[in-house]
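What the coordinates show
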Amino acid sequence: MQSSRLSHDLKLWAPYVMEISMLGYLFLIPLEHASLGKNLFLGSGILAWGLEHYFFKKDGLSGHRILDKYILIYIVAILISAYFSKDLLISTRALRGDISKLLLVYILAVRVYREPAPIRRLFYTLVAFSAIVTVYSITGYLLHWPSVVMPEGQVKGPFGYFNACGHYLAYHFLIALAFFIREEHNKLKYLWSVILSLQLVLILLSQSRTALVAVIIGAVSLLLLQPHNRKTLATLSLIILITLGLGFSNGTLFNRFLTILDPATYKEVSNRTVIWRDTIKWSQDRPWIGNGYGVDLFSKTAQFYSKPKNYVHAHNTFLEILFESGIIGLSTYLILFFRAAWYSYRLRSRTAIHPLLLSLFILIFFLSLTETIFLTGRFGVFLWVLFALVAQKHTD
C-alpha cells in the first residue's frame, strides 16, 4: 500500500521536478562559476525523466523523430572526429563536458515543453532572469563595480566578457519583444517597454557591436513575421529611438558603434579575418573529419604555431566546426540548424511561438558569424532548447 502511494506521488511530482530543474539550470547560466549547481539541476531533471520513462513506462519522447534523426547524424559526425582526434584526451573531455550535457538538456526539454503552458512559463521565466541580470549590471555600472565593468569600460555583468553579456541580452530582448508585440493590456505593455528599454541600454553599455546588429536584424524579422498594429510599431520605434538617442549621447559609445559602418577603423575585424584564414588553412590538413572535437584543440594548435592569445577559438561558429569536425561535421550541423529554422518558418502562421523561434534562429545565425558562444558551453543550451521546442510541433 505504501509502495503504491509512493509510486503515485513520484509519478505525480516527476513532471514538476523536471520543469523546475530546467528553469534552475537556465537561471544559473549567467553565473561564471555555477557548474556544480547546474549539474545538480540537470541531474535531478534527468533522474526524474528516467523514473518516468523507464520505471513508470511513460514514453516522453514518442513522436519526436523528425528532428532527432538530424541530431543523431550530427552526433555521429562529432564522434567520428573525436575518435580520430589529434588529441584524444581533449576530445574526450569535450564530449563529456559539452555535447553530452547539451543532449541531456535536449532530452529533458523535449519532455518538459510538450504543452503551451510550460512553454509560456519558460519564456516568462527567461525574461525575468534577464531582467535580474539587467538591473544588476546597470546598477554595477552606475556604482562602478569592478566585477561588472571591464577596465576598458565595457559592461560584462555577471559574465566573464562583454560580448557574452551583449549576446545574452540580445537573445532575451527578442523574447521580451515578442511579448510586447502580442500584449493587449496597456499596463503590461508599459512593463514590457521598460524591460526592452533597460535591456537595450545594457546592450549599448556592453559595447557589443555584433549583439546590436544581430538584435536589430532579429527584431526586424520578428516584426515581419508576427502580426502587429501601427500603435505597437510606433511605440516600439519611440522606445528604440529614445534609448539609442540617450545612449549615443555618450561620445565613447557613439564612436564605438559608429565603427559598424566602417569596419576598417577597428582592429578586431582585421584580427579575426587573420584567424579565419588560419582556421581554413589548418582545416585543410584533415578536411573531411576535422582535427578533433573540442575548442581546446584549436587553442592548442594556435600555441603550436605561436599565435597570439586571442586565438582561443575560430571566432566563427561554422569555421570552428569545420576545424573540429571537418566538412562532414559542418554539413550535418548546417542541415540540423537550417532544418529546424525551416520548420519554424513553415509553421509561422499556425502558432504564436514559431515567429519567435525563427527570429531567434536568425539572431543566433548572425551572432555565430563572429563568435562560437552558441555552439557549446553555457549559451549552447539556448540553441538546444530551441531544437527541442521545434521538435515538439513536428510529429506529422
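What you see is a predicted model; the values in this text were computed from it and never measured. (Residues numbered from 1 in each chain as written. Predicted model: local features only at pLDDT ≥ 70, side-chain atom pairs only at ≥ 80, totals over all residues. Heavy atoms only, no water.)

The next thing to look at is the environment of Ile217. Relative to the assigned elements, Ile217 resides in helix H8 (residues 209-225). In this structure Ile217 comes out as partly exposed when scored by relative accessible area, which is 28%. Sequence separation of Ile217 and Ile362 is 145 residues, and the distance between their C-alpha atoms is 7.8 Å. Apart from the residues within four sequence positions on either side, Ile217 is in contact with Ile362 and Phe366. (Helix = DSSP H or I, 4+ residues; strand = E, 2+ residues; numbered from the N terminus. Buried < 20%, exposed > 50% of the residue type's maximum accessible area, 1.4 Å probe, protein only. Contact = heavy atoms within 4.5 Å.)

In this section: the packing of aromatic side chains. Applying the stated criterion across every chain yields a total of 32 aromatic pairs. On the numbers, 5.1 Å between centres and 50° between planes, the contact of Phe159 with Tyr168 is tilted. You'll find Phe159 and Tyr168 in the same group, each marked buried. When the centroid spacing of 4.5 Å and the interplanar angle of 50° are considered together, the rings of Tyr161 and Phe162 count as tilted. Judged by its relative accessible area of 41%, Tyr161 is partly exposed. Residue Phe162 is classed as buried on the basis of its relative accessible area, which comes to 6%. (Phe/Tyr/Trp six-rings, centres within 6.5 Å; stacked < 30°, edge-to-face > 60°.)

Take the layout of surface pockets next. Here the second largest pocket is characterised by a volume of approximately 410 Å³. Residue lining of the second largest pocket: 15 residues in total, with Arg120, Phe179, Arg182, Ala352 and Ile353 positioned closest to the centre. Among the elements that take part in the lining of the second largest pocket, helix H5 (residues 116-142) stands out by supplying five residues, more than any other. Residues belonging to the lining of the second largest pocket are distributed by class as follows: nine nonpolar, two polar and four charged. (1 Å grid on protein atoms, 1.4 Å probe; cavity = no way out; pocket = protein on both sides within 12 Å on 5 of 7 lines; lining within 4 Å. Points joined across faces, edges and corners; volume = space filled by probe spheres on them. Nonpolar A, V, L, I, M, F, W, Y, C, P; charged D, E, K, R; others polar.)

Another aspect to go through is the nonpolar core. Side chains of nonpolar character tend, in soluble globular proteins, to be buried together. Membership of the largest hydrophobic core comes to 116 residues, with the highest contact counts inside it found for Leu67, Phe123, Leu177 and Trp384. Looking at this core element by element, the count peaks at 15 residues for helix H6 (residues 162-182). (Core = buried A, V, L, I, M, F, W, Y, C linked by side-chain atoms within 4.5 Å.)

So, on to a nonpolar patch on the surface. A cluster of nonpolar residues, Leu12, Trp13, Tyr16, Val17 and Ile20, forms a patch on the protein surface that exposes about 530 Å² of accessible area. Take Ile20: it is sitting in helix H1 (residues 2-27). (Patch = residues over 30% accessible without salt bridge, like charges linked within 9 Å, V, L, I, M, F, W, Y side chains within 5 Å. Areas by Shrake-Rupley, 256 points an atom, 1.4 Å probe, with all protein chains shown as cover. Salt bridge = Lys/Arg side-chain N within 4 Å of Asp/Glu carboxyl O.)

The backbone phi angle of Gln207 is positive, close to 60°, even though this residue is not glycine. With respect to the secondary-structure elements, Gln207 resides in the loop between helix H7 (186-206) and H8. By relative accessible area, which is 8% here, Gln207 ends up buried. Unusually for a residue other than glycine, His315 sits at a positive phi of about 55°. Note that His315 resides in the loop between helix H12 (295-304) and helix H13 (317-346).

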